[in-house]
Each structure stands twice: as C-alpha cells, then as structure tokens.
Amino acid sequence: MDSVWSKTCEIEKREALPGDIEREVVVIGAGMAGILIANALQKSGREVVVLEAERIASGQTRNTTAKITSQHGFIYSGLIDTLGEEKARQYAAANQKAILEYKAMVQEREIDCDFEETDAYVYAQEESVLKKEAEAAASLGLPASFMQKPELTFPNAGAVKFTNQAQFHPLKFLRAITEKLEIYEDTRVLKVEEQTAGKAAEYTAGYASAEDREKEQVVSTNRGIVRAKKVVFACHYPFVNFPGMYFTRMHQERSYVLALENAARVDGMYIGEGEITYSLRNYGDLLIFGGGNHRTGENREGGRYQALRDKAAELFPGCREVACWSAQDCITPDNVPYIGRYASGKPDWYVATGFHKWGMSSSMVSAMILRDLICGIENPFAEVFAPDRLDGQDISGIMCEGAHAVKGLTKRFFQLPAETASELAKGSGGIVMLEGEKVGVYKDEDGKLYAVDVRCPHLGCQLEWNPDELSWDCPCHGSRFDRFGKLISNPAQEDVNRYA
Ligand SMILES: Cc1cc2nc3c(=O)[nH]c(=O)nc-3n(C[C@H](O)[C@H](O)[C@H](O)COP(=O)(O)OP(=O)(O)OC[C@H]3O[C@@H](n4cnc5c(N)ncnc54)[C@H](O)[C@@H]3O)c2cc1C
Ligand code: FES
C-alpha cells in the first residue's frame, strides 16, 4: 500500500555503515525530523552522521499528508488554558516560523517539490467553539480568523482559517535535502551508552583531550559502532526505555488516507474537529482524503479503509481510488511534542518525538531547537517543548497511559482466545489456542498457518490482530509487526518470536 509520494519519487539507495567510525553528532532516524535536524547541524558546522534502520523516509514520513502548517486543529485555546499564554505563544511562533524556514529552503536551493503556499482550515459543527479558537489563535499572533461555512461536501458551521500556510511533496523535498548528508541505511541502532573516561580510553578515539573522552557516546548498530559527542533520537518513538521513560507518557494513533481521481477540488487544506474529522488537500489533480483515526492496536472487524471508501463514494460520486495508505504518530498528554534533552542524567542525548500528526512543522521546530541546544545557543521556543516538563496537568495523561498499558499486559493472562486455528478464515488472523498454547496465527490464502508469540517484544503487552492491514499491533505503545512477525514500527526494536 504505497502512498502517492512513494509512487512518484524514488530516493537513491545509500550503503550501510561500513564499519566503526567517529563523528561529532549521531542522528538516529532518517525521517523528516532526523534529516532536518542533521541538515541544520551540518549548516552550523557540525560533523553529523545519520543512521537509518531501513531506508531514508521509510517510516511515517512517506505516509504523511504533507501539510506544513501551524494550524494544528483546535489546539490554541486549550494550550492557553493548560500551559498559559506565554508557552502557547512559543508553540505558535515556533510552528509559524517553521513554515517560513521551509519556504526559504525551497527557494534558496530551488527544490522541485511541488511546494505551494495555501490556506489551512479547521472546520467544525459549532460556531461558538470555532470563534473561540479563532480568537485564541489570533491573540497569539497567528494569521487566524473565523470564516462562514467553507464550501465542503459535508455540513459545517464554519472554519478557522490560517492564511499563507503550505503543502508539498515530502519525498521530493527530502531527496534534495539528503544529497549532501552522510547517511547510512540498513543500519539499526541497537544500543547507546555513555562511556566513562576509563572505559573510553580502551578505544582509540580521536578526540584531543581527556575531558572529551570522558563524555564519549558509543552508538552500537548491527553494522558497527559510531563514537560521538552528541546523540539525537529522531526515530519516531524513542526506543531506549530508561532513562526518559517515554513509554509512560506517549501512545500512538493511526489514520488512513485515499488518493482520489475525479473528486471535487478543495481550495486549501482542511481538517475537522468534533463529529466530522476528515482531512482534505489536493495534490495535482488528486484529492488526498484522510480519516479513521484510532489508537494503534484498537482494531475492529469491518475495515477502516472500507469505511473511508464508502464515505468517499458518498461525498465524491464517480471518484476513483489511485492509492491508499496509512500511518501513525505519537501523542503526548498535552499535545505538545517532546523536543530537547532526552533525560536529566543524559546531557548529551537529545530527542524529537510526539508530533501529534503535525510532524512536518514539528520536524522543522525540532531542527531549530536541537541545533541551538547542541551549539550552545539560547532558543526562544525551547521551553514549551522541553521533554522534562511535568506539572499538574500532565499527571492525568500519564495515569491514562499507564492504565492502558496495564490493560494490555493483563489481557494476555485473563482473556481467552475466541477461536481455534481451524475456525480462522483464509487470509485472516487472530489469537487462537494451538497445541494448548495461546498464540497469534495468520492463515494465508492457501490455508498455511504462520504462528507468532503475541507478547510484544517492547514491554510484553498482548498484540492485537489488525484485519485491515494484516498486521499485529500493540495497543500499549503502538509497535507493529507484519503478519509473519517482522517489525514494522517501533518502539519495539526486534521481530516477535515466530513458531516454526
Ligand atoms: C495519516 C497521517 C497523516 C499525517 N499528515 C500530516 C500532515 O499533513 N502534516 C504534518 O505536519 N504532519 C502529518 N502527519 C505526521 C507526520 O507524518 C509525522 O509526524 C512525521 O512524518 C514523523 O517524522 P519522524 O521523522 O519523526 O518519523 P519517521 O518518519 O517515522 O522517521 C523515523 C525513522 O527512524 C528510523 N528508526 C527507528 N528506529 C531506529 C533505530 N533503532 N535505528 C535507526 N533508525 C531507526 C525509522 O526506520 C524511520 O525511518 C501525519 C501523520 C499521519 C499518521
Ligand atoms: S509497544 Fe510497548 S509493549 Fe508493545
């Protein structure tokens, strides 16, 4: 299920890490965040290497809808209420600046990536709520205003309009930006350790002083070791559980996208709040139509794609589907990404995650903030995104993540499987009893069974069968595995155990 971006742009393959090397900064992950961070650091004179487990942009970035906007749904009135006006203003200004940074990069480098300036709208069914959000956003200096009903093929009470936002082709953009970066593909980071002076001395590291050696970061991969002074985790979901404990304060949500021919054009980019939440934008002659949001692992029979297809047929009669795809993103309790130092005990580790499905602007915000932190420059937006923020409002969110994880863990012990393998239809999967054991089974079209251990290798929650995408998904923190047990998406870093 390739996205319209993957179908229309090929990025040249890079070699794997050829052996042990030393660099000043290691960036883990070559998605939009990792690439923009590496690019900003390189521009500031740092020696950077990017390590990518699979291919450039092979994670969520190839499956985005690629709107570049500071309009992130109904976020601003909530941010003012929970974080206060000063931090809400930082969030707004950072994301607004991100749009200008993209525009400047595209112009300066003359990047051919279908970049278009356009307006962004969030529509809803209640005028009073729309007006409140428009006022809140405008009060923070954003180009926002309430507008009467935009012309959409479904009912709405109006929208909040943000002017001069943008949309583009994310892979064409990355193809150009990656040209001058040192990137190794097929290189999965397995472990990151800070070496003490004594241990580091065992290695022939090329740093000049003993002081430098005291703070060496040793990044172990399946291809070799990279020694560095600083490490950035831009790998979508940070996979080192301790310190940081990101698994206690983020979950993942998926949604689904169709590219449609012969559907109505929309003037700008749209997202809904409330009862109707479809996402719309054009790419050339295509309408990119998204929806079906749900927590990863909370799957249901009946099909999210089918529901979206039925809706597309109803709203755009005569349309034709040319591509379909899905993606997921990390959600924090206060809807603000974690961008900054990884954890208090690791001053040389940095993180960029929790983008809440607004990772195009958030990746650029990450690049601005982490470049400044690593270069020792004060950044005016850093405070609101600091990963160590923890106050009264966050507690409820954290408790909620914990409760969800406990549900995922206990389910495996208390819930009996519904079926036996013989009851499974061909081309489907489920948790069944097989030879007295509770296992996950996929039955292919020829009736052959593929059995996996349904304990998630991340922290042991029970995986759920995803009938739409024929995958095993974890409801706790959103790891995903294909029907044969191969890792698709982190925080897990390995395949699930397969039974022969
Ligand atoms: C349906 C959908 C639509 C969206 N549309 C928009 C939109 O219109 N606008 C917007 O702003 N945002 C949007 N988003 C969000 C946006 O797509 C993401 O936030 C963004 O792509 C995340 O980029 P990333 O670089 O953090 O992660 P990724 O693109 O997932 O990159 C992480 C990379 O790290 C690599 N990696 C992982 N573990 C390791 C390891 N151990 N070693 C080495 N490499 C590793 C992975 O292989 C991957 O390539 C959307 C999200 C969804 C779900
Ligand atoms: S993703 Fe954390 S237990 Fe599965």
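Parameters at a glance
Residues numbered from 1 in each chain as written. Chains lettered and ligands numbered in written order. Predicted model: local features only at pLDDT ≥ 70, side-chain atom pairs only at ≥ 80, totals over all residues. Heavy atoms only, no water. Buried < 20%, exposed > 50% of the residue type's maximum accessible area, 1.4 Å probe, protein only. Helix = DSSP H or I, 4+ residues; strand = E, 2+ residues; numbered from the N terminus. Pairing = 2+ DSSP bridges. Disulfide = S-S within 2.5 Å. Domains from an automatic or database assignment. Contact = heavy atoms within 4.5 Å. Buried area = accessible area lost by both parts, 1.4 Å probe. Salt bridge = Lys/Arg side-chain N within 4 Å of Asp/Glu carboxyl O. Polar contact = N/O pair within 3.5 Å; in protein donor to acceptor, adjacent residues only side chain to side chain. Nonpolar A, V, L, I, M, F, W, Y, C, P; charged D, E, K, R; others polar. Phe/Tyr/Trp six-rings, centres within 6.5 Å; stacked < 30°, edge-to-face > 60°. Lys NZ or Arg CZ within 6 Å of the ring centre and 35° of its normal.

Student: I'd like a description of the pairing of strand S19 (residues 346-353), backed by residues and values.
Tutor: The element S19 is extensively covered by neighbouring structure, given that seven of its eight residues are classed as buried. Pairing of strand S12 (residues 230-233) with S19, which is carried by three bridges, proceeds in the parallel orientation. Residue pairing in the sheet places valine 232 in a bridge with tyrosine 350 of S19. Pairing geometry for strand S18 (residues 338-343) and S19, over five bridges, is antiparallel.

Student: Summarise the state of the cysteines; cite the residues concerned and give the values.
Tutor: Going through the model one piece at a time under the given rule, you end up with one disulfide. A disulfide bridge connects cysteine 461 with cysteine 476, and the sulfur atoms are separated by 2.0 Å. Taking the torsion about the S-S bond as the criterion, the cysteine 461 to cysteine 476 disulfide, at about -90 degrees, is left-handed. Of this pair, cysteine 461 sits in the loop between strand S23 (449-452) and strand S24 (464-466) while cysteine 476 sits in the loop between strand S25 (471-473) and strand S26 (480-482); the two residues are 15 residues apart in sequence, bridging distant segments of the chain. Here the two residues cysteine 461 and cysteine 476 agree in accessibility, since each one is buried. Note on cysteine 324: no disulfide assigned, nearest cysteine sulfur contributed by cysteine 319 at a separation of 13 Å. Cysteine 235 provides the cysteine sulfur closest to cysteine 330, a residue in no disulfide bond, and the two sulfurs are 9.3 Å apart.

Student: So what about the domain arrangement of the chain? Which residues, and what values?
Tutor: Domain annotation of the chain identifies domain 1 (4-64 + 174-246 + 336-389), domain 2 (115-167 + 249-331) and domain 3 (412-499). Computed from C-alpha coordinates alone, the two centres of domain 1 and domain 3 are separated by 32 Å. The interface is formed by ten residues belonging to domain 1 together with nine residues belonging to domain 3. A combined buried area of about 740 Å² lies between domain 1 and domain 3, and 41% of that area is made up of carbon and sulfur atoms. Our count for the domain 1 to domain 3 interface comes out at zero salt bridges. Counting across the interface, domain 1 meets domain 3 through five residue pairs in polar contact (both at pLDDT 80 or more). For the side of domain 1 that touches domain 3, a count of residues per class yields five nonpolar, three polar and two charged.

Student: How would you summarise unusual backbone geometry if you had to cite specific residues and measurements?
Tutor: Residue proline 243 follows phenylalanine 242 across a cis peptide bond; omega there is 0 degrees. As for its position among the elements, proline 243 is in the loop between S12 and strand S13 (251-261). Cis geometry is found at the peptide bond from asparagine 490 to proline 491, where omega equals 25 degrees. Along the chain, proline 491 falls in the loop between strand S27 (487-489) and strand S28 (498-499). The phi dihedral of histidine 236 is positive, around 75 degrees, even though this residue is not glycine. Relative to the assigned elements, histidine 236 resides in the loop between S12 and S13. The phi dihedral of lysine 357 is positive, around 65 degrees, even though this residue is not glycine. Within the element layout of this structure, lysine 357 appears in the loop between S19 and helix H10 (359-375).

Student: So, the packing of aromatic side chains: which residues are in play, and what are the values?
Tutor: What the rule picks out here adds up to 25 aromatic pairs. Centroid distance tyrosine 102 to phenylalanine 168: 5.4 Å. Interplanar angle 75 degrees. Geometry classified as edge-to-face. Highlighted residues: tyrosine 102 in helix H4 (residues 85-109) and phenylalanine 168 in the loop between strand S7 (158-167) and helix H6 (170-178), separated in sequence by 66 residues. For the pair shown, tyrosine 102 and phenylalanine 168 are each scored as buried. Their ring planes at 80 degrees and their centres at 5.1 Å tell us that tyrosine 256 and tyrosine 305 sit as a pair that is edge-to-face. With a gap of 49 residues between them, tyrosine 256 in strand S13 and tyrosine 305 in helix H9 (residues 304-315) connect regions that are remote in the sequence. Here the two residues tyrosine 256 and tyrosine 305 agree in accessibility, since each one is buried. Members of the aromatic cluster, connected to one another through ring pairs, are Phe233, Phe239, Tyr246, Tyr338, Tyr342 and Trp349. Sitting above the plane of the tyrosine 338 ring, arginine 249 keeps its charged end 4.7 Å from the centroid. The ring of tryptophan 349 has lysine 346 lying over it, and the distance from NZ or CZ to the ring centre is 4.9 Å.

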